[in-house]
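# Report on the structure
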Amino acid sequence: MARIVGAVTTSHVPAIGNAIARGLQDEPYWKPFFGAWPAAHEWLEKARPDVAVVVYNDHGLQFFLDKMPTFAVGAADEYHNADEGWGLPTLPPYRGDAAFSWHIIESLMSEEFDLTTCQEMLVDHAFTVPLKLLWPGERPCPVATVPVTVNTIQHPLPTPARCLKFGRALGRAIASYPEDLRVLVLGTGGLSHQLDGKRAGFINRGFDEMCMAAMVDQPDALAGYSIPQLVEAAGTQGVEVLNWVIARAALPGRVSKVHGNYHVPISNTASGMMVLENSL
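Attention in this report is confined to the structure presented alongside it.

Procedures and definitions
Starting from 1, residues in each chain are numbered consecutively following that chain's sequence as written. Reporting in this predicted model follows two pLDDT cut-offs: at least 70 for local features of residues, and 80 or more for side-chain atom pairs to be given and counted; totals over whole chains, interfaces and linings ignore these cut-offs and use all residues. The side-chain figures draw on all heavy atoms in the structure; neither hydrogens nor water molecules are used. Here a Phe, Tyr or Trp ring, Trp counted by its six-membered ring, pairs with any other such ring whose centre lies within 6.5 Å, and the pair is stacked when the planes are under 30 degrees apart, edge-to-face when over 60, and tilted otherwise. Partly exposed residues are those whose accessible area sits between 20% and 50% of the maximum for their type, while under 20% is buried and over 50% is exposed, using a 1.4 Å probe and protein chains only. Helix and strand assignments come from DSSP, with helices taken as H or I runs of at least 4 residues and strands as E runs of at least 2, each series counted from the N terminus. In our convention, an over-ring charge means Lys NZ or Arg CZ found within 6 Å of a ring centre and within 35 degrees of that ring's normal. Convention adopted: a line fitted to C-alpha atoms gives each axis, helices being fitted over their contacting stretch, and angles between N-to-C directions are expressed from 0 to 180 degrees. For classification, angles of less than 35 degrees are called roughly parallel, those exceeding 145 degrees roughly antiparallel, those between 65 and 115 degrees roughly perpendicular, and all remaining angles oblique. The crossing is said to be left-handed when, going from far helix to near helix, the turn is anticlockwise and less than a right angle, and right-handed when the turn is clockwise. We call two residues in contact whenever any of their non-hydrogen atoms come within 4.5 Å of each other. Residues are grouped as follows: Ala, Val, Leu, Ile, Met, Phe, Trp, Tyr, Cys and Pro are nonpolar; Asp, Glu, Lys and Arg are charged; every other residue, Gly included, is polar. Only strands that DSSP links by at least two bridges are regarded as paired with each other. For this document, the term salt bridge refers to a Lys or Arg side-chain nitrogen within 4 Å of an Asp or Glu carboxyl oxygen. Multiplying one less than the number of residues by 1.5 Å gives the expected span of a helix. Taken from the helix axis, the directions to the C-beta atoms give the arc we talk about.

Attention shifts here to the packing of aromatic side chains. The full count for this structure, using the stated rule, is 11 aromatic pairs. On the numbers, 5.1 Å between centres and 85° between planes, the contact of Phe 33 with Phe 34 is edge-to-face. Phe 33 sits in the buried class, given a relative accessible area of 1%. The exposure class assigned to Phe 34 is buried, which follows from its relative accessible area of 11%. Both rings, one in Phe 71 and one in Phe 166, keep their centres 4.0 Å apart while their planes meet at 5°; by these two values the pair is stacked. Separated by 95 residues along the polypeptide, Phe 71 in strand β3 (residues 71-74) and Phe 166 in helix α6 (residues 160-175) bring together distant segments of the chain. As far as burial versus exposure is concerned, Phe 71 and Phe 166 are alike and both buried. The ring of Phe 202 is capped by Arg 199, whose NZ or CZ atom sits 4.2 Å from the centre of that ring.

If you want to describe how two helices pack, look at the angle between their axes and the distance between the axes. Here helix α7 (residues 205-217) crosses helix α9 (residues 241-249) at 15°, and the two axes come no closer than 10 Å. What the angle tells us is that α7 and α9 run roughly parallel. Relative to α9, α7 is oriented so that their crossing is right-handed. On α9, the residues touching Cys 211, Met 212, Met 215, Val 216 and Asp 217 of α7 are Val 241, Trp 244, Val 245 and Arg 248. Counted by class, the contact of α7 with α9 contains seven nonpolar, no polar and two charged residues.

What follows covers the sheet that holds strand β7 (residues 144-150). Strand order in the open sheet made by the eight strands is β6-β3-β7-β2-β8-β1-β10-β9, with mixed pairing throughout. Edge positions in the open sheet fall to β6 (116-118) and β9 (254-266), since each of these has one partner strand only. Geometrically, the sheet is characterised by an average inter-axis angle of 15° between neighbouring strands, direction not taken into account. Summarising the sheet, strand β2 (residues 51-56) and β7 pair through six bridges and their orientation is parallel. Counted as the bridge partner of Val 51 is Ala 144 from β7. With respect to the sheet, α9 is in contact with β1 (3-10), β2, β3, β7, β8 (182-188), β9 and β10 (269-279), its orientation differing from that of β8 by roughly 160°.

A word on the pattern of salt bridges. The final tally for this structure, using the stated rule, is four salt bridges. Here Lys 67 and Asp 66 are joined by a salt bridge, their closest N and O atoms 3.4 Å apart. With its nearest N and O atoms 2.7 Å apart, the salt bridge here joins Glu 111 to Arg 172. In this pair, Glu 111 sits in the loop between α4 (98-110) and β6 while Arg 172 sits in helix α6, placing the two residues 61 residues apart along the sequence. What makes Glu 111 partly exposed here is its relative accessible area of 29%. Exposure remark for Arg 172: the relative accessible area of 45% places this residue in the partly exposed category.

So, on to α6. In this model α6 runs 22 Å from its N-terminal to its C-terminal C-alpha over 16 residues, within 8% of the 22 Å that 1.5 Å per residue would give. For α6, every residue scored as buried is listed here: Pro 160, Cys 163, Leu 164, Phe 166, Gly 167, Ala 169, Leu 170, Gly 171, Ala 173 and Ile 174.

Among the residues making up helix α3 (residues 37-47), those that are buried are Trp 37, Ala 40, Trp 43, Leu 44 and Ala 47. Down the axis of α3, the smallest arc covering the buried residues is 115°, so these residues share one side. Of the residues in α3, the exposed ones pointing more than 90 degrees away from the buried face are Pro 38, Glu 45 and Lys 46. Those residues of α3 hidden inside the fold are in contact with β1, α2 (31-34), α5 (125-134), β8, β9 and β10. In the segment just after α3, Arg 48 is the residue with positive phi, at about 50°.

This is the structure:
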């Protein structure tokens, strides 16, 4: 049976991808962020995932405001990246696992989550940047991938409570796959940030620290928040923490924190990362 080895949660802002492409990891502005990742790489060598299920939000590359599914799952054998206008290099295709994707889709549908299924799917920086952080260098990503997108853009958004239920159903779907796979769940986005409007530049460190603590042993801490309350606490774009909630909720066992980092600012964003190990 498939086994979830753990989860990694991280910010995904395009500036991180530009810093990687330009080799700026050791510059003073960037070192507090990139310096956290060797510990994650060390854990990955021990965890040895075969596939990464990536929970993220699309920013207009695959879906736009006229058609924005609440939850979508990729079901292809490969996923292509494309130019989004950020100056990021276009990366080679990412390997998929269509059979595993269809199992996840069918399992989620059986639990009454209505999904958009994508047999062709473009993946944006919210997918590519975190994978490049986990597996740096020039080589293609060494694991198969399953993209799972969440609407954090176009209201109405799924509530934290709904995302918690979705994450738990996603975990059950993964764990019921009959083949022997080691699965990493990757939740990308956030933490608190607002890029526009009167509160542009807003960051809420207290809220972020609460979220990171809750990811270990209290994943339902955000379940009582409405979307307006979440926007007020985390900023307009800070609702990307919904992706973290789903990734953490997918872990079915006893969860321990292997590593974490919090750094402000990265492109007006509170950039958090956590490595969570799942022990059944």
